[in-house]
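Understanding the architecture of this molecule
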Amino acid sequence: MSGFTIHDLAGVIDARAASSGDVSYTRKLLDKGPEHCAKKLGEEAIEVVIASVESGGTREHIVAESADLLFHLLVLLKSRGIALSEVEAELARRTQMSGLEEKASRKPDQ
């Protein structure tokens with residue numbers, strides 16, 4: 001099992017965001033704005049779904065597409081100035097109760 005974590009990936013994205021768009025795909029994505037980053041995230045989510053339901057979809061394909069999805073999620077968060085720690089705090093808050101209780105407690109616009 002790899003010692004590479006989602007926090008490591010967030011750090012790589014932070015470092016690459018400080019680079020030039022000439023050498024960094026991350027910087028190019030960020031330069032195109034949050035809307036573009038959101039579109040890329042949506043495309044990657046669809047690719048995970050397709051890989052997961054295809055009869056010929058392999059475990060490796062699902063893993064690869066999932067890695068793309070996590071990368072693009074973190075880029076979108078970066079584009080909106082949202083730290084991974086904020087998402088983690090929300091997850092921690094939600095796991096203080098059962099999933100059904102948490103879902104029922106949400107306001108209609110959440």
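Scroll up to find the structure this text is about.
Residues numbered from 1 in each chain as written. Predicted model: local features only at pLDDT ≥ 70, side-chain atom pairs only at ≥ 80, totals over all residues. Heavy atoms only, no water.

Moving on, we come to the packing of aromatic side chains. Counted under the stated rule, the structure contains one aromatic pair. On the basis of an interplanar angle of 20° and a centroid distance of 6.3 Å, the ring pair of Tyr25 and Phe71 is categorised as stacked. Residue Tyr25 is found in helix H2 (residues 25-31), and its partner Phe71 is found in helix H4 (residues 59-79); the two are separated by 46 residues along the sequence. Taking relative accessible area as the criterion, Phe71 reaches 15% and is therefore assigned buried. (Phe/Tyr/Trp six-rings, centres within 6.5 Å; stacked < 30°, edge-to-face > 60°. Helix = DSSP H or I, 4+ residues; strand = E, 2+ residues; numbered from the N terminus. Buried < 20%, exposed > 50% of the residue type's maximum accessible area, 1.4 Å probe, protein only.)

With that settled, consider the packing of helix H3 (residues 34-53) against H4. Where H3 contacts H4, the axes come no closer than 8 Å and their chain directions differ by 160°. By the angle class used here, H3 and H4 are roughly antiparallel. Taken as a pair, H3 and H4 cross one another with a handedness that is left-handed. The segment H3 lies against H4, with Pro34, Cys37, Ala38, Lys40, Leu41, Glu44, Ala45, Glu47, Val48, Ala51 and Ser52 engaging His61, Ile62, Glu65, Ser66, Asp68, Leu69, His72, Leu73, Val75, Leu76 and Ser79. (Axes fitted to C-alpha atoms, helices over the stretch in contact; angles between N-to-C directions. Parallel < 35°, antiparallel > 145°, perpendicular 65-115°, else oblique. Left-handed = near helix turned anticlockwise from the far one by under 90°. Contact = heavy atoms within 4.5 Å.)

The next subject is the nonpolar core. The biggest cluster of nonpolar side chains holds 14 residues, and the ones touching the most others in it are Ile13, Cys37, Phe71, Leu74 and Val75. Among the elements of the structure, helix H1 (6-17), H2, H3 and H4 are those that each provide at least two residues to this core. Here the element with the most residues in this core is H4; it accounts for five residues. Other than its neighbours up to four places away in sequence, Ile13 contacts Thr26, Phe71, Leu74, Val75 and Lys78. (Core = buried A, V, L, I, M, F, W, Y, C linked by side-chain atoms within 4.5 Å.)

Next up on the list: the pattern of salt bridges. For the coordinates displayed, the defined rule picks out five salt bridges. A salt bridge links Arg27 to Asp31; the shortest N-O distance between them is 2.8 Å. Within this pair, Arg27 and its partner Asp31 are both found in helix H2, separated by four residues, close to a single helical turn. Taken together, the shared-partner salt bridges connect Glu90, Arg93 and Arg94 into one network. (Salt bridge = Lys/Arg side-chain N within 4 Å of Asp/Glu carboxyl O.)

Take a nonpolar patch on the surface next. Together, Ile6, Leu70 and Leu73 line one region of the surface with nonpolar side chains, adding up to about 220 Å² of accessible area. Position of Ile6 among the secondary structure elements: in helix H1. The class of Ile6 is partly exposed, set by a relative accessible area of 33%. (Patch = residues over 30% accessible without salt bridge, like charges linked within 9 Å, V, L, I, M, F, W, Y side chains within 5 Å. Areas by Shrake-Rupley, 256 points an atom, 1.4 Å probe, with all protein chains shown as cover.)

Right, let's talk about the side chain of Glu44 for a bit. Note on placement: Glu44 falls in helix H3. No salt bridge is formed by the buried Glu44; the nearest opposite charge belongs to Lys40, separated by 4.1 Å. Those residues in contact with Glu44 that sit more than four places away from it in its chain are Glu65, Asp68, Leu69 and His72. (Lys, Arg positive; Asp, Glu negative; His and termini not counted.)

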